[in-house]
Amino acid sequence: MRERRVFDRLRSDISNSAQREYEKAIEILVERYNTKIFENRFIAGGATEIFTFALLRSVGIKCTLISDNAVGGDILLPQGRQLSVKSNFTGVKAIRLLNRMGDGMREWTAATLFVVAGVGIVFGAPGMVDSSHIRDTSDALELTARGLRGLMADADNVIEMKIAHKPPTEKAGSSQKASTVVAHDILRSTDARDLLKALRD
């Protein structure tokens, strides 16, 4: 499986400096954009995809970021294979594989790099997990915490890293909110003095 070989190459070839940069980037991300604020979850997830894409490229893996317009995968590998990137900054808990939109069943089909706080990057693919550990909720398809632990039980599936936990809930008030940052940036770049003054008043 090409996706497995990609993970194995990352695990064997990752440099200490690239790993430290990756860990620091995630630490700053979850500190600035606490995922307790719902909209920040999309920002944190998207940024983690970009960091992970860069990490793969740092070891010479040819890949393309496709998360903007693909369903099921985030990173395109040669020969049309796809990798998904999923993150959980609360630790080893159930993790969303797919969001459900509309009626009908959706299946987990793409090999996935799970970025897990306190653990690192965990490789998983549909054939590696018992179907009892895939849970269909009202709005998502999830890998249970037990299923994630099952993947982690094999050390060959894990790149150990210092992935930061999100700050506690009580610190969410001091977190930036993505829409607020974007709105202020646009108002400053367009010199919208009246609107900026109204926000300050």
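See the structure printed just above.
Attention in this report is confined to the structure presented alongside it. Source: prediction; values computed, not measured.

Of the regular secondary structure elements, the chain holds six helices and nine strands. For a compact globule of 201 residues, the expected C-alpha radius of gyration is about 17 Å, and the chain comes in at 18 Å, within 12% of that figure. Counting every position in the chain, which comprises 201 residues, the buried fraction comes to 42%. A fraction of 66% describes how many contacts in the chain between residues 6 or more apart in sequence connect residues 24 or more apart. Seen as two clouds, the 29 positive and the 25 negative side-chain charges of the chain have centres 2 Å apart.

With that settled, the discussion passes to the pairing of strand E8 (residues 140-143). The two faces of E8 match: Ala140 and Glu142 on one face and Leu141 and Leu143 on the other face are all buried. In this structure, strand E4 (residues 95-99) lies alongside E8, joined through four bridges in antiparallel fashion. Residue pairing in the sheet places Leu98 in a bridge with Leu141 of E8. In the sheet, strand E7 (residues 134-136) pairs with E8 via three bridges, with the strands oriented antiparallel. By the bridge assignment for E8, Ile134 is matched with Leu143. What sits between E7 and E8 in their antiparallel hairpin is a turn of three residues.

Here we take up helix H4 (residues 145-152). Side chains of residues three or four places apart in an α-helix project in the same direction, reflecting 3.6 residues per turn. Restricting attention to buried positions, one finds in H4 the residues Ala145, Gly147, Leu148 and Leu151. The buried side chains of H4 occupy one side of the element, clustering within an arc of 160 degrees when seen end-on. Packed against the buried residues of H4 are strand E5 (111-116), strand E6 (120-124) and E8.

The angle between the axes and the distance between the axes are what describe a pair of packed helices. Helix H3 (residues 38-58) packs onto helix H2 (residues 16-32) with a crossing angle of 175 degrees between their chain directions and a minimal axis gap of 11 Å. Comparing their axes, H3 and H2 come out roughly antiparallel. Along its contact with H2, which presents Ala18, Tyr22, Ala25, Ile26 and Leu29, the element H3 presents Ala44, Ala47, Thr48, Phe51, Thr52, Leu55 and Ser58. Tallied by class, residues from the contact of H2 with H3 come to nine nonpolar, three polar and no charged.

Locating Glu142 in the fold gives a position in strand E8. What makes Glu142 buried here is its relative accessible area of 14%. Excluding residues within four positions of it along the chain, Glu142 makes contact with Ala94, Ile95, Arg96, Leu97, His133, Ile134, Arg135 and Thr137.

Criteria and cut-off values
Residues numbered from 1 in each chain as written. Predicted model: local features only at pLDDT ≥ 70, side-chain atom pairs only at ≥ 80, totals over all residues. Heavy atoms only, no water. Helix = DSSP H or I, 4+ residues; strand = E, 2+ residues; numbered from the N terminus. Rg over C-alpha atoms; globule rule 2.2 N^0.38 Å. Buried < 20%, exposed > 50% of the residue type's maximum accessible area, 1.4 Å probe, protein only. Contact = heavy atoms within 4.5 Å. Lys, Arg positive; Asp, Glu negative; His and termini not counted. Charge placed at Lys NZ, Arg CZ, Asp CG, Glu CD. Pairing = 2+ DSSP bridges. Arc of directions from axis to C-beta. Axes fitted to C-alpha atoms, helices over the stretch in contact; angles between N-to-C directions. Parallel < 35°, antiparallel > 145°, perpendicular 65-115°, else oblique. Nonpolar A, V, L, I, M, F, W, Y, C, P; charged D, E, K, R; others polar.

Function-wise, these values are silent; they only describe arrangement.
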